Amino acid sequence: MGQRCPECIREEGTQKVIPTRTRSGAFARRGIPATRTFIGLAVGFYLIAALGGIGGSVFEYLKQANDLVAAGEWWRIFTPVLLHASPMHILFNMWALWVLGPQVERGMGSGPFVALYLASAGAGGVLFFYLGETHAVAVGASGAIFGLFGIWANWAVHRRNTIQGRALLQRIGFLLLVNAAIPLFFPIIAWEAHLGGLVAGFAIGEAWSRLGGSAAPLARVGVAVVVVAVSVIAVLI
């Protein structure tokens with residue numbers, strides 16, 4: 001039986017559902033250290049890169065350059081989440097992270113959230129590696145953020161027979177359509193990373209929906225770590 005609690009995660013079977021509105025109480029007071037840390041790191045690295053000099057070297061070392069990934073520098077499918085190309089780029093991505101991230105982290109836990117973020121980034125990097133041009137370069141946290149879109153979409157699909165779920169599904173669907181259209185007008189957008197992160201987030205959300213019990217938090221981390229490992233293997237083979 002699901003708990004009737006507007007301030008906490010409701011559980012129906014093993015499907016965890018994050019409330020779309022939070023109120024004062026235990027749920028709202030839970031910390032979001034991972035979300036804040038990812039935002040802080042992105043802002044910090046953006047400022048470092050903007051200084052030039054050593055910042056430029058850091059940018060070069062962390063960007064996803066497909067030819068360097070092919071040469072064995074597999075970490076580059078993850079590290080672009082730390083880099084952004086312009087003020088508008090980082091503002092939009094950090095706004096999206098702040099909107100989508102806190103309730104996922106509060107609901108699932110900081111460990112699973114970090115693993116989800118990295119897994120989505122890696123999956124996005126893999127798709128950009130295989131579908132992008134040989135010498136293509138990508139930066140930004142969009143792949144990881146689309147993983148958050150994916151897990152929200154999964155929760156909405158599971159709740160589609162409720163008023164809340166249908167409303168959430170409509171909002172997520174609209175946002176995804178808008179983001180799918182953007183690359184048509186701005187070809188510089190790495191849509192491959194968006195798609196990879198979205199699919200990974202949805203798949204991880206589906207796996208998480210089947211987990212329950214006291215071991216669920218560790219199992220959630222394990223699911224996402226498997227995606228991370230598969231992403232690394234995919235660019236090394």
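Everything below is about the structure printed above this text.
Residues numbered from 1 in each chain as written. Predicted model: local features only at pLDDT ≥ 70, side-chain atom pairs only at ≥ 80, totals over all residues. Heavy atoms only, no water.

(A) Spotlight on the overall build of the chain. Counting its regular elements, the chain contains ten helices and four strands. Each helix and strand of the chain, ordered N terminal to C terminal, gives the series β-β-α-α-α-β-α-α-α-β-α-α-α-α. Relative to its full complement of 237 residues, the chain shows a buried share of 46%. Restricting the contact set of the chain to residue pairs at least 6 apart, pairs at least 24 apart contribute 74%. (Helix = DSSP H or I, 4+ residues; strand = E, 2+ residues; numbered from the N terminus. Buried < 20%, exposed > 50% of the residue type's maximum accessible area, 1.4 Å probe, protein only. Contact = heavy atoms within 4.5 Å.)

(B) Representation of the packing of helix α2 (residues 33-50) against helix α3 (residues 54-62). It is at 6 Å that the axes of α2 and α3 come closest, and there the two elements cross at 125°. Here α3 runs oblique to α2, going by the angle between their axes. α3 is crossed by α2, and the crossing has left-handed handedness. Judged by residue contacts, Phe45, Ile48 and Ala49 of α2 engage Gly55, Gly56, Val58, Phe59 and Leu62 from α3. Its residues assigned to classes, the contact of α2 with α3 shows six nonpolar, two polar and no charged. (Axes fitted to C-alpha atoms, helices over the stretch in contact; angles between N-to-C directions. Parallel < 35°, antiparallel > 145°, perpendicular 65-115°, else oblique. Left-handed = near helix turned anticlockwise from the far one by under 90°. Nonpolar A, V, L, I, M, F, W, Y, C, P; charged D, E, K, R; others polar.)

(C) Representation of the environment of Ala207 in the model. Counting through the fold element by element, Ala207 comes out in helix α9 (residues 191-208). Note on Ala207: relative accessible area 26%, which makes it partly exposed. Here the alpha-carbon distance between Ala207 and Arg220, two residues 13 residues apart in the chain, equals 8.1 Å.

(D) Spotlight on the pattern of salt bridges. Counted under the stated rule, the structure contains three salt bridges. Here Lys63 ties to Glu60 by a salt bridge, and the two come within 2.7 Å at their closest N and O atoms. Assessed through its relative accessible area of 13%, Lys63 is described here as buried. For Glu60, a relative accessible area of 42% translates into the label partly exposed. Across the salt bridge formed by Glu206 and Arg210, the nearest N and O atoms sit 2.6 Å from each other. (Salt bridge = Lys/Arg side-chain N within 4 Å of Asp/Glu carboxyl O.)

(E) Representation of the packing of aromatic side chains in the model. This model, assessed by the stated rule, comprises ten aromatic pairs. Ring centres of Phe38 and Tyr117 lie 4.1 Å apart, and the angle between their planes is 25°; this geometry places the pair in the stacked category. You can see Phe38 sitting in helix α2 and its partner Tyr117 sitting in helix α6 (residues 110-131), a full 79 residues away along the chain. Since its relative accessible area comes to 13%, Phe38 is described here as buried. Considering the side-chain rings of Trp152 and Trp155, the 5.9 Å spacing of their centres and the 90° angle between planes classify their relative orientation as edge-to-face. Note that Trp152 and Trp155 are positioned in helix α7 (residues 142-158) at a spacing of three residues, about one turn of the helix. The pair Trp152 / Trp155 is uniform in exposure class, with both members buried. Linked through ring pairs, Tyr61, Trp74, Trp75 and Phe78 together constitute an aromatic cluster. In this structure, Arg76 is placed above the aromatic ring of Tyr61, and the distance from its NZ or CZ to the ring centre is 5.9 Å. (Phe/Tyr/Trp six-rings, centres within 6.5 Å; stacked < 30°, edge-to-face > 60°. Lys NZ or Arg CZ within 6 Å of the ring centre and 35° of its normal.)

(F) Representation of the nonpolar core. Within the largest apolar cluster, 41 residues are counted, with the highest numbers of intra-cluster contacts made by Leu97, Val104, Phe113, Tyr117 and Ile145. Of all the elements in the fold, those that place two or more residues in this core are α2, α5 (87-108), α6, α7, α8 (163-185), α9 and α10 (216-236). The biggest single contributor to this core is α7, with ten residues. Grouped together as the second largest cluster of nonpolar side chains are eight residues, Ile77, Val232, Ala234 and Val235 included. (Core = buried A, V, L, I, M, F, W, Y, C linked by side-chain atoms within 4.5 Å.)

(G) Inspection of α9 at higher detail. Given a rise of 1.5 Å per residue, 18 residues ought to cover 26 Å, and the 25 Å separating the end C-alpha atoms of α9 matches this to within 8%. Within α9, burial applies to Glu192, Ala193, His194, Gly196, Gly197, Ala200, Gly201, Ile204, Gly205 and Trp208. Buried residues belonging to α9 abut α5, α6, α7 and α10. (Expected span 1.5 Å × (residues − 1).)

(H) Expanded view of the packing of α6 against α10. Between α6 and α10, the least distance of the axes is 8 Å, while the angle of their chain directions is 20°. The orientation of α6 with respect to α10, classified from their angle, is roughly parallel. In this structure, the crossing between α6 and α10 has a hand that is left-handed. Contacts between α6 and α10 involve Gly111, Pro112, Ala115, Leu116, Leu118, Ala119, Gly122, Ala123, Val126, Phe129 and Tyr130 from the former and Pro217, Arg220, Val221, Ala224, Val227, Val228, Ser231, Ala234 and Val235 from the latter. Split into classes, the residues belonging to the contact of α6 with α10 amount to 16 nonpolar, three polar and one charged.

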